[in-house]
Amino acid sequence: MSDPVPMSEARRYQQLRAHLSYLKLNDAVEALPRVLDQARAERMSLTTALERLLEIEVEATEARKLASRMRFACLPEPWTLNDFDFAAQPGVDEKLIRDLATLRFLDNTSNVLFVGPPGVGKTMLAIALARSAVDAGHRVYFTTAAELAAKCHKAAIEGRWSTCMRFFAGPRLLVIDELGYLPLPGDGASALFQVINQRYLKSSTILTTNVGIADWAGAFGDATVAAAMLDRLLHRAAVVGIDGPSYRMRSHQDHAETLRRGVNARVS
Ligand code: ADP
Ligand code: MG
């Protein structure tokens, strides 16, 4: 049915703008004049013009969501897998890491443990996998074991324990960095256990630690908690042991070597 008095083209345009605004498609509103001009100039089909317009809105929405996931994730560094020099760390199984980067482990709710001494790239790999997960649209949260223990402790004191537990249960991927570097306070080990336990078989956790699995009992003070935690973590897990040279020390050594050569050159 056509209107008795046809709406003017200008009025139609204003209505279209108003519809887009009402639906909060603000990027489409902004792009509308440009897309209409293009459509006229390039004699686009209606389908093409509409697709162009909505594509702009979809891309802007995706970018906003990605930025929000990145903010939520609290990744301490911008590292990606491209930054990791596999040649410098022959102890790392590149095939396994690339396989983990496909994020299939999230579908199996598997965990990943990076175990090794300081400076070998554990945190870097954990962040790189976390970043892939953020990019792929997953909710990710990065924390250290000490920070997690402190947050849980504070929540317990303030009567927010269950909210805190729900928070750590939420992310599709939780990274717990640096387990074992600092002794966990009294209730820290049990908080960590509860976090691991409630995520068990529901969502994945990446953990980095300098404590070899055989020594966990000692590191946690409580052998039973350590065994129960390992039981859940390792049930479905990729354990990546990195025992190669420290990358940090490598640059220190290079620096020391340069200094030494400089000194020798001056002496001789
Ligand atoms: P860890 O967590 O095992 O102590 P990090 O992941 O923090 O070690 O790495 C220490 C430093 O060395 C970081 O600046 C990191 O970027 C760098 N690094 C470690 N391994 C590599 C690697 N294989 N390629 C590039 N940089 C690396
Ligand atoms: Mg680290």
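Refer to the structure above for everything that follows.
For every chain, the first residue of its written sequence is number 1, and the numbers climb from 1 along that sequence. Here every chain gets a letter starting at A, and every ligand a number starting at 1, in the order they are written. Since the coordinates come from a predicted model, pLDDT governs what is reported: local features require at least 70, and pairs of side-chain atoms require 80 or more to be given and counted, while whole-chain, interface and lining totals use all residues. Processing note: side-chain calculations cover all non-hydrogen atoms of the structure and skip hydrogens and water entirely.

A. Representation of the pairing of strand 1 (residues 111-115) in the model. Per-residue accessibility, obtained with a 1.4 Å probe over protein chains only, is compared with the maximum for each type, and a residue is labelled buried under 20%, exposed over 50%, and partly exposed between these values. A run of H or I in DSSP becomes a helix once it reaches four residues, and a run of E becomes a strand once it reaches two; helices and strands are each numbered from the N terminus. Counting buried positions along strand 1 yields five of five residues, so the element is predominantly enclosed. Both faces of strand 1 are covered, namely the face carrying Asn 111, Leu 113 and Val 115 and the face carrying Val 112 and Phe 114. The pairing criterion for strands is at least two bridges between them, as found by DSSP. Note: strand 1 against strand 5 (residues 237-241), five bridges, orientation parallel. By the bridge assignment for strand 5, Val 112 is matched with Ala 238. Strand direction decides the pairing type here: strand 1 and strand 4 (residues 204-209), joined by four bridges, are parallel. Directly across from Phe 114, in strand 4, lies its bridge partner Thr 208.

B. Representation of the site of ligand 1 within the structure. Around ligand 1, 16 residues are found, and the nearest of them are Asp 85, Gly 119, Lys 122, Thr 123 and Met 124. Whenever a nitrogen or oxygen atom comes within 3.5 Å of another N or O atom, the pair is scored as a polar contact, on the condition that within protein one atom can donate a hydrogen and the other can accept it, and that pairs from neighbouring residues in sequence are kept only if both atoms are in side chains. In this structure, a nitrogen atom belonging to ligand 1 sits 2.8 Å away from a main-chain N or O atom of Asp 85. Between ligand 1 and Thr 123 there is a distance of 2.7 Å, counted from an oxygen atom to a side-chain nitrogen or oxygen. Looking at the shell around ligand 1, the elements that each hand over two or more residues are helix 6 (122-135) and helix 12 (247-267). The element that contributes the greatest number of residues to the shell around ligand 1 is helix 6, accounting for three residues. Per-class residue counts for the shell around ligand 1 are eight nonpolar, four polar and four charged. A single heavy atom is enough: if one lies within 4 Å of a molecule or strand, its residue is considered near that molecule or strand. Polar here means any residue other than Ala, Val, Leu, Ile, Met, Phe, Trp, Tyr, Cys and Pro, which are nonpolar, and Asp, Glu, Lys and Arg, which are charged; Gly is therefore polar.

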